[in-house]
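Close look at the chain arrangement
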Amino acid sequence: MVVAYSFTKMSRFRTFFRGVGLAVTMAAAAGCLSPLVHRAGAPRNAILPVVAVTSFENRSSYSGQWRLGDGMADLLVSELVASRRFTVVERVELPTIFKELERQVTGNRFRPEGRADAGRLKNARYMIRGVINDFSQVSKTSFFLGIERLLLGGKGYKARVSLTVTLVDVETGEILASVQSAGTARAREAYVSAQYKDVMFGGDAFFRTPLGVATADSIRRAVHEIAAAVPRSMWRPLVASVLPDGRVALNGGCDRGFAVGQVFEARERGAPVTDPATGDVLGVLEGKRVGTLRVSEVQDRIAFATPLDGRGFERGQFLMPPATRVGR
């Protein structure tokens, strides 16, 4: 990459913006040059899919100062979290987490208060891996990738970042989506001489550069496509626990719309029906009826119910509206 910027002096900062082309400056005015920001959120009562991101593979021609594979993965994680449509779990640095858990539960060097419980790490349902296909800046006459040279003179400069992001179902190994995502940024004028090596990948200064704008655009597009491809699971009422006094705890409270006086029919989990040729799940049979519950107390995130009839209530049983019996 050719362009180098220095943001240590205000005079150079002003000169930088004078040198940036029309398209990039217009994007800045619209707020497009800020670090990745997208806050759509998940639909109400949706269960956030649990995803993990592996390092990106750099197949572009870029070989400069940045470790694009790890850096691009970090940006994707940041945008996945910011979208509020996913639960993102760590996988790249998981050995570090294992070591910390071992320190807490072995020996007597750490106090017992505040220890993390073993066996509570979340399982990822989906893995996301990526490939960087293009990370470059092009002029009408030249193609630049170095980080020491200066870009002087000429017009029609364009930065382009192209990614391939693959979504894999951990349970089946099936590839649910392979997303092609590309972002671009244009500048009509050349850039002034500066020290580009001082710009850190993913920092505020980086997102003010054409390559930063193109990177943010590509990451946003990838997250949008991934969110559309992930199967959506909706929350449903379940038995969370059976208390010694006979009451039944439910997996939600005011946050899930439970109200005192509601009546539910508890059923066992039904058996899945699979295709004998492919093994794919075709549907789930209705589980056996266990009994009827009436909600007696509602808190913020948990509710309690009292059995009206039946026995054998257990954690994980489904709750449904009572079946309507039609008389003859």
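The structure under discussion appears in the preceding block.
Read on for a plain summary of the structure.

How each quantity is defined
- Residues numbered from 1 in each chain as written.
- Predicted model: local features only at pLDDT ≥ 70, side-chain atom pairs only at ≥ 80, totals over all residues.
- Heavy atoms only, no water.
- Helix = DSSP H or I, 4+ residues; strand = E, 2+ residues; numbered from the N terminus.
- Polar contact = N/O pair within 3.5 Å; in protein donor to acceptor, adjacent residues only side chain to side chain.
- Contact = heavy atoms within 4.5 Å.
- Buried < 20%, exposed > 50% of the residue type's maximum accessible area, 1.4 Å probe, protein only.
- Core = buried A, V, L, I, M, F, W, Y, C linked by side-chain atoms within 4.5 Å.
- Axes fitted to C-alpha atoms, helices over the stretch in contact; angles between N-to-C directions.
- Parallel < 35°, antiparallel > 145°, perpendicular 65-115°, else oblique.
- Left-handed = near helix turned anticlockwise from the far one by under 90°.
- Nonpolar A, V, L, I, M, F, W, Y, C, P; charged D, E, K, R; others polar.
- Pairing = 2+ DSSP bridges.

Our next topic: the side chain of Gln104. Turning to its location among the elements, Gln104 is positioned in helix α4 (residues 94-105). Within the structure, the side chain of Gln104 is placed 2.9 Å from the side chain of Glu100, a separation counted as a polar contact. What Gln104 contacts, discounting residues up to four positions off in sequence, is Gly114, Arg115 and Ala116.

Moving on: unusual backbone geometry. Residues other than glycine seldom take positive phi values, yet Arg84 does so here, at roughly 60 degrees. Counting through the fold element by element, Arg84 comes out in the loop between α3 (68-83) and β4 (87-89). Residue classification places Arg84 among the partly exposed residues on the basis of a relative accessible area of 49%.

Quick look at the nonpolar core now. Residues Phe56, Met72, Ile128 and Phe135 are the most contacted members of the largest nonpolar core, which totals 37 residues. Counting residues per element, the ones that place at least two in this core are β2 (50-53), α3, β5 (126-138), β7 (157-169), β8 (175-187) and α5 (210-229). Once residues within four sequence positions are removed from consideration, Met72 is found in contact with Phe56, Ile132, Phe135, Val161, Leu163, Phe201, Thr215 and Ile219. Within the second largest apolar cluster, 14 residues are counted, among which are Phe264, Val295, Ala305 and Phe313.

This brings us to the packing of α3 against α5. One way to put it is that α3 packs onto α5 with a least axis distance of 10 Å and a crossing angle of 55 degrees. When the axes of α3 and α5 are compared, the pair comes out oblique. Here the hand of the crossing between α3 and α5 comes out right-handed. Taken together, the residues of α5 that come into contact with α3 (itself represented by Met72, Leu75, Leu76, Glu79, Leu80 and Ser83) are Thr215, Ile219, Arg220 and Val223. A per-class count over the contact of α3 with α5 returns six nonpolar, two polar and two charged.

Ordered by their spatial adjacency, six strands build an open sheet running β10-β11-β16-β15-β12-β17, and the pairing between neighbours is antiparallel. The open sheet terminates on both sides in strands that have one partner only, identified here as β10 (239-242) and β17 (318-320). Direction aside, the axes of adjacent strands within the sheet are offset by 40 degrees on average.

This is a description of form; function is not addressed.
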